[in-house]
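Read off the chains here:
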Amino acid sequence: MLFTKILVAFDGSNLSKKALEKAVSLVQEENHISQVRQLDIIHVYHYPSVASTPYFVDTSASTYIIEQGKTIIEEAKAYVPSTLSVKYVLLQGAPAATILQYAEEKHHDLIITGSRGLGPIREFFLGSVSHHIVQNAKVPVLIVK
């Protein structure tokens with residue numbers, strides 16, 4: 001099956017690095033047969049939820065989270081050959097829902113993600129983000145282990 005628009009979820013974890021490497025390999029293979037028109041690499045940062053508290057949330061924490069997101073995007077660039085045309089996307093929101101929304105809005109026909117990421121919640125076989133993506137995606141999903 002040939003894909004023309006591929007989205008890779010990247011959070012800097014070892015499995016997301018493997019997912020990105022697989023995506024690059026797939027794009028390079030398919031470029032010999034047809035043109036993959038778009039490879040997007042997305043990182044979604046999420047502000048931790050704060051239970052109701054009388055204290056104010058330090059705005060430097062949100063700045064730190066955004067800067068970490070930018071650093072993760074820069075890290076992703078190290079895994080992509082300069083010969084490939086890639087769009088790097090940094091968004092804020094609930095990771096799985098944001099990835100799915102972006103994939104639908106931009107008409108991706110394949111989503112690639114690692115089986116587990118850096119999120120604090122783990123499920124038995126799949127991470128919560130990858131599990132949600134598999135269950136709710138409208139396009140094929142490749143899970144990399």
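The structure displayed is predicted, hence computed values, not measured ones. (Residues numbered from 1 in each chain as written. Predicted model: local features only at pLDDT ≥ 70, side-chain atom pairs only at ≥ 80, totals over all residues. Heavy atoms only, no water.)

A. Structural view of helix α3 (residues 95-105). Along α3, the residues that are buried comprise Ala-96, Thr-98, Ile-99, Leu-100, Tyr-102 and Ala-103. Next to the buried residues of α3 lie β1 (5-9), β2 (38-45), β3 (86-92), β4 (110-114) and α4 (128-136). Just downstream of α3, His-107 is the residue with a positive phi angle, here 60 degrees. (Buried < 20%, exposed > 50% of the residue type's maximum accessible area, 1.4 Å probe, protein only. Helix = DSSP H or I, 4+ residues; strand = E, 2+ residues; numbered from the N terminus. Contact = heavy atoms within 4.5 Å.)

B. Representation of the side chain of Asp-11. Positionally, Asp-11 belongs in the loop between β1 and α1 (14-33). Within the local environment of Asp-11, its side chain forms a polar contact with the side chain of Ser-16, the two groups lying 3.0 Å apart. (Polar contact = N/O pair within 3.5 Å; in protein donor to acceptor, adjacent residues only side chain to side chain.)

C. Summary view of the pattern of salt bridges. Taken as a whole and judged by the stated rule, the model has 4 salt bridges. In this structure, Glu-74 engages Lys-77 in a salt bridge whose closest nitrogen and oxygen atoms are separated by 3.0 Å. Here Glu-74 and its partner Lys-77 are both found in helix α2 (residues 59-77), 3 residues apart, which amounts to about one turn of the helix. The class of Lys-77 is partly exposed, set by a relative accessible area of 35%. (Salt bridge = Lys/Arg side-chain N within 4 Å of Asp/Glu carboxyl O.)

D. Region of the structure containing the nonpolar core. Membership of the largest hydrophobic core comes to 19 residues, with the highest contact counts inside it found for Ile-6, Val-8, Leu-20, Ile-41 and Ile-112. For this core, the secondary-structure elements that each account for two or more residues are β1, α1, β2, α2 and β4. It is α1 that provides the largest number of residues to this core, a total of 6 residues. Non-local contacts of Ile-112, meaning those with residues more than four positions away in its chain, are made with Ile-6, Leu-7, Val-8, Ala-9, Ala-19, Ala-23, Leu-26, Leu-142 and Val-144. Grouped together as the second largest cluster of nonpolar side chains are 12 residues, Ala-9, Ile-42, Ile-99 and Leu-100 included. (Core = buried A, V, L, I, M, F, W, Y, C linked by side-chain atoms within 4.5 Å.)

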